[in-house]
Amino acid sequence: MKNNKGFASSYVVIVIVAVALVAGYFAFRNSGSPNNEQTQNNQVAIKQLVGSFGSKLNDVNKLRPESEVKTAIQKSYSDFISPELLNQWIANPQDAPGRTVSSPSPNRIEIESISKTSDSEYSVKGFLIWWTSGGELKQSADLSVTQEDGKWVISNFNLADDTLVSDPLAGQIIISVDSPLQSSQKEIGSTIHISWDY
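Residues numbered from 1 in each chain as written. Predicted model: local features only at pLDDT ≥ 70, side-chain atom pairs only at ≥ 80, totals over all residues. Heavy atoms only, no water.

Asks: Is there a simple way to think about the overall build of the protein in this case?
Replies: For the protein, the helix and strand inventory stands at 3 helices and 6 strands. Across the 198 residues in the protein, those meeting the buried criterion constitute 32%. Counting only contacts in the protein whose residues sit at least 6 apart along the sequence, the fraction spanning at least 24 positions is 48%. Carbon together with sulfur atoms contributes 52% to the accessible area of the protein, which is approximately 12,000 Å² in total. (Helix = DSSP H or I, 4+ residues; strand = E, 2+ residues; numbered from the N terminus. Buried < 20%, exposed > 50% of the residue type's maximum accessible area, 1.4 Å probe, protein only. Contact = heavy atoms within 4.5 Å. Areas by Shrake-Rupley, 256 points an atom, 1.4 Å probe, with all protein chains shown as cover.)

Asks: I'm lost on the packing of helix H2 (residues 66-77) against helix H3 (residues 83-91) in this one. Help?
Replies: When two helices pack together, their arrangement is captured by the angle between the axes and the distance separating the axes. H3 packs onto H2 with a crossing angle of 160 degrees between their chain directions and a minimal axis gap of 9 Å. Comparing the axis directions of H2 and H3 gives the class roughly antiparallel. Handedness of the H2/H3 crossing: right-handed. Of the residues in H3, those touching H2 at Lys70, Ile73, Gln74 and Tyr77 are Leu86, Trp89 and Ile90. When the residues that make up the contact of H2 with H3 are grouped by side-chain class, the tally is 5 nonpolar, 1 polar and 1 charged. (Axes fitted to C-alpha atoms, helices over the stretch in contact; angles between N-to-C directions. Parallel < 35°, antiparallel > 145°, perpendicular 65-115°, else oblique. Left-handed = near helix turned anticlockwise from the far one by under 90°. Nonpolar A, V, L, I, M, F, W, Y, C, P; charged D, E, K, R; others polar.)

Asks: Whenever I open this one, unusual backbone geometry confuses me. Can you help?
Replies: Residue proline 104 is bonded to the preceding serine 103 through a cis peptide linkage, with omega at 10 degrees. With phi around 55 degrees, aspartate 149 is a residue other than glycine that occupies positive phi space. Looking at where aspartate 149 falls in the secondary structure, it is placed in the loop between strand S3 (135-148) and strand S4 (151-167). Assessed through its relative accessible area of 86%, aspartate 149 is described here as exposed.

Asks: I keep staring at the confidence of the model for the protein and nothing clicks. Help me out?
Replies: Interpreting fine coordinate detail is not advised for predicted regions of low pLDDT. A residue-level look at the protein finds 65% of positions with pLDDT of 70 or above and a mean pLDDT of 79. Predicted confidence for residues 167-198 stays below pLDDT 50, and this span has 65 contacts to residues more than four positions away or in other chains. (pLDDT = per-residue confidence, 0-100.)

Asks: How should the pattern of salt bridges be read in this particular structure?
Replies: Pairing between side chains becomes possible if they bear opposite charge and their charged atoms approach one another. What the rule picks out here adds up to 6 salt bridges. A salt bridge links arginine 108 to glutamate 136, with the nearest nitrogen and oxygen atoms 3.0 Å apart. Linking arginine 108 in strand S1 (residues 105-118) with glutamate 136 in strand S3, this pair joins segments that are 28 residues apart in sequence. Residues aspartate 119 and lysine 116 are paired through a salt bridge, measuring 3.3 Å at the closest nitrogen-oxygen approach. The class for aspartate 119 is exposed, based on a relative accessible area of 62%. What you see here is one network of salt bridges that share partners, running through Arg108, Glu110, Glu136 and Lys138. (Salt bridge = Lys/Arg side-chain N within 4 Å of Asp/Glu carboxyl O.)

So, in structure tokens, the structure goes:
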């Protein structure tokens, strides 16, 4: 009888532990899935936002008179950036991305990573792709994307000074310039430093 009672007690304990584990698993799965799904949906929306914004960069020709550049910034970027960033670029159009020389011209933004910094903000790292008749140039780009009034918008946009030229025969040429955005006299090919990266 004692053995039967001991067996019965052990069986009850095992059942209780099993039920607790199963309940914990489903509770964890149900609590985690909505967050993961929401994050994935946010990342899809952010990819679309950054892609659409990148496709408009060539529409802002900064070689035009300033009044025309401001109009182009308003028309081309207002759907994709925050009101604060839009006002900043209209007030200082030289700070806005766009076309500054006949060649190269901004073509698109390639996303390398998207990192969640809060429920309403993501950090995006990638490259601005410049197109030339001889190939493509890559310039590092950092973006902040925030949710404002239920809509994802770009709230910050920064370009690095380093430009990468893809060369299938010689690896990558790293060309450092002050900035390809600053002067129409300074083509991407005008270099301060060139090094080889294999």
